[in-house]
Amino acid sequence: ERNCSRADNTASTGAVLRRPARPFPHRSSSGPTQAAMGDIHFIVDRLNEPPFSMPLSLVAFDEKSPFELLEIVNAVIREISAEHAANLRDETPEATATRMMDFLFKVLNYQQSLEPEHFKTGLLHGDPGILYPALGWMLERRSELTTRAYLARFLLNVEIPEHMFGDDEILELYQQHKDLQEQFKEAHKASEQSRSQLISPAEIKKAIVQMEEDKEQLERKVEALHTKLHGSDGFEPMLREVGALRVEQDEQLKLAERMKEQRSHAYQAEQRLEQLSRALAGKKAEAGVSDLGRLLQKLEAEVAAMSRRAHEELPRAIAQRQQRHDELQQVLSLPAGSESDTREMLQHRQGLQRAIRELEV
């Protein structure tokens, strides 16, 4: 009967194949073990309920292909975190497996005994021994995991290499990031407390009526005690002491609140000091004390050379250029000669050259 139903289903679907462009490998044809049947019952029951509302039977669930099983896993993950509203047909199997593993292990903190590579291989092959426990675990803790996934969006640590903490701007931004995370934790904690303390309007009205009755009773008692004790000895000093006690109690509450704030500031300061210490240690490890000594000697030698050039070489060069400038100025200041003077000087020059050649011979 089961084989006939499969044949009928195949015939009814015709040429429509539920396979991605790059199909996942087929899983083993062996059915689930007896020990896994309880988990399958639980999974099917939860998937048939809202918000999934999948019309599944045990047989239909067991007949799911590896790709269809991964679609179910992805639907559960998408219900936990809307950031995973991805269509598996638009992803490669490798990208799908990596995304699901990162979400399960890094965000939801899913625990299992297999090596990551073995888990990834089973995920790609649609191994029921891998997918069924993960499905059951997520469906059983869906509400808790939804809150964890929401918090992980804001509280996951940003991994920054140690050497980048030497940059003041990056260090300041990282510290601001950690401060904002602490503020988010406090705000979320206060929000959860407020939600847990919410009561219905009818209960609030009932509590108000009860408090008004208690207030009236207390006022009558206070008035009776005041009438009774007003005429007694020491009433006024006792009243002043009670007033002072109330003031001190209020001050104690304020001091406790301030102490809480100071502890928070001290914790943030310790975190920043630790980061700066790591950055300093990294710088020392990179440079080393001996390297710093050699660098200092090199800088001192460069300063001495520049000082010598500024006090000796540059003044001498400036003096030479000034002398040449003065000579040119003297030449320019002489009156311009006539053409006859120029010919006379050329003849004189030629005569001197002939005399020099005769002496050389």
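Throughout, residues of each chain are indexed from 1 in the direction in which the sequence is written. A pLDDT threshold of at least 70 governs which residues receive local features in this predicted model, and a stricter bar of 80 or more applies before side-chain atom pairs are shown or counted, although totals over entire chains, interfaces and linings include all residues. Values reported for side chains reflect all heavy atoms of the structure, with hydrogen atoms and water molecules removed beforehand.

Moving on to the packing of helix α4 (residues 66-80) against helix α5 (residues 93-107). It is the contact of α4 with α5, at a shortest axis distance of 12 Å, that shows an interaxial angle of 45°. For the element pair α4 / α5, the angle class is oblique. Note on packing geometry: the crossing formed by α4 with α5 is left-handed. Contacts between α4 and α5 pair L70, V73, N74, I77 and I80 from the former with R99, M100 and F103 from the latter. Angles run from 0 to 180 degrees between N-to-C directions of axes, and those axes are lines fitted to C-alpha atoms, restricted for helices to the stretch in contact. Strands here are runs of E lasting at least two residues and helices are runs of H or I lasting at least four, both read from the DSSP assignment and numbered beginning at the N terminus. Oblique is the label for every angle not falling under 35 degrees (roughly parallel), over 145 degrees (roughly antiparallel), or within 65 to 115 degrees (roughly perpendicular). Crossings are sorted by hand: turned counterclockwise from the far helix by less than a right angle, the near helix makes the crossing left-handed, and turned clockwise it makes it right-handed. Should any heavy atoms of two residues lie within 4.5 Å, those residues are considered in contact.

Next up on the list: the layout of surface pockets. The computed volume of the second largest pocket comes to approximately 310 Å³. In terms of lining residues, the second largest pocket is bounded by 13 residues, among which E186, K260, E261, S264 and Q268 are the most central. Sorting the residues of the lining of the second largest pocket by element identifies α9 (168-197) and α11 (235-287) as the ones contributing at least two each. Considering every element that reaches the lining of the second largest pocket, the biggest residue donor is α11, with eight residues. Residues are grouped as follows: Ala, Val, Leu, Ile, Met, Phe, Trp, Tyr, Cys and Pro are nonpolar; Asp, Glu, Lys and Arg are charged; all remaining types, including Gly, are polar. Taken together, the residues of the lining of the second largest pocket sort by class into one nonpolar, four polar and eight charged. Each cavity reported here is a set of points on a 1 Å grid over the protein atoms alone in which a 1.4 Å probe fits but cannot get out, each pocket an open set with protein on both sides within 12 Å along at least five of seven lines, and each lining residue one with an atom within 4 Å of a point. Grid points are joined across faces, edges and corners, and a volume is the space filled by probe spheres set on the points.

Before going further, it helps to examine helix α8 (residues 142-155). An expected span of 1.5 Å times one less than the residue number is assigned to each helix. Across its 14 residues, α8 extends 19 Å between first and last C-alpha, which sits within 8% of the 20 Å expected from 1.5 Å per residue. Those residues of α8 that are buried are in contact with α4, α5, α7 (128-140) and α9.

Take the pattern of salt bridges next. Oppositely charged side chains may form a pair once their charged atoms are brought near each other. Salt bridge, as used here, is a side-chain nitrogen of Lys or Arg placed within 4 Å of a carboxyl oxygen of Asp or Glu. Taken as a whole, this structure holds ten salt bridges when the rule is applied. The salt bridge involving E49 is made with R46; its shortest N-O contact spans 3.7 Å. Partly exposed describes any residue whose relative accessible area lies between the buried limit of under 20% and the exposed limit of over 50%, with all areas from a 1.4 Å probe on protein chains only and scaled to the type maximum. The class of E49 is partly exposed, set by a relative accessible area of 36%. Residue R46 is classed as partly exposed on the basis of its relative accessible area, which comes to 31%.

Here we take up the side chain of N74. Considering the arrangement of structural elements, one finds N74 in helix α4. For N74, a relative accessible area of 2% translates into the label buried. Apart from the residues lying within four places of it in its own chain, the contact partners of N74 are H84, A86, L88, R99 and M100.

For the rest of this paragraph, the subject is the packing of aromatic side chains. A pair of Phe, Tyr and Trp rings is counted when the ring centres sit within 6.5 Å of each other, with Trp represented by its six-membered ring. The angle between the planes then sorts it: under 30 degrees is stacked, over 60 is edge-to-face, the rest tilted. Following the criterion strictly, the structure yields eight aromatic pairs and no others. A ring pair is formed by Y150 and F154, whose centres lie 5.4 Å apart and whose planes are at 70°; its orientation type is edge-to-face. With a gap of four residues between them, Y150 and F154 both fall in helix α8, about one helical turn apart. What makes Y150 partly exposed here is its relative accessible area of 37%. Note on F154: relative accessible area 34%, which makes it partly exposed. Of the aromatic side chains, those joined through ring pairs into one cluster are F105, Y110, F119 and W137.

A contiguous nonpolar surface patch, about 340 Å² in accessible area, is contributed by L225, L229, M238 and V242. Looking at the secondary structure, you find L229 in helix α10 (residues 201-229). Judged by its relative accessible area of 30%, L229 is partly exposed. Each patch is built from salt-bridge-free residues with over 30% relative accessible area, joining like charges within 9 Å and nonpolar side chains (Val, Leu, Ile, Met, Phe, Trp, Tyr) within 5 Å. Methods summary: accessible areas were calculated by the Shrake-Rupley approach with a probe of 1.4 Å, and residue burial reflects only the protein chains presented.

So, about the nonpolar core. Nine residue types can take part in a nonpolar core, namely buried Ala, Val, Leu, Ile, Met, Phe, Trp, Tyr and Cys, and a core is a set of them joined through side-chain atoms within 4.5 Å. Of all hydrophobic cores here, the largest spans 40 residues; its most connected members are L47, F61, V76, I80, L108, L123 and M138. Taken together, the elements giving at least two residues each to this core come down to α2 (37-48), α4, α5, α6 (116-124), α7 and α8. Counting residues per element, this core draws most heavily on α4, which supplies nine residues. Ignoring sequence-local partners within four residues, the contact set of I80 consists of F103, L108, M138, R142, L145, T146 and A149.

Each residue carries a pLDDT score, the predictor's own confidence in it, on a scale running from 0 to 100. On average, residues of the protein carry a pLDDT of 79, and 83% of them reach 70 or more. This stretch, residues 1-35, has a pLDDT under 50; its non-local contacts, to residues over four places away or in other chains, come to 41 contacts.

When you line up the elements, K283 lands in helix α11. Since its relative accessible area comes to 45%, K283 is described here as partly exposed. Separated by 118 residues in sequence, K283 and F165 have C-alpha atoms that sit 9.7 Å apart.

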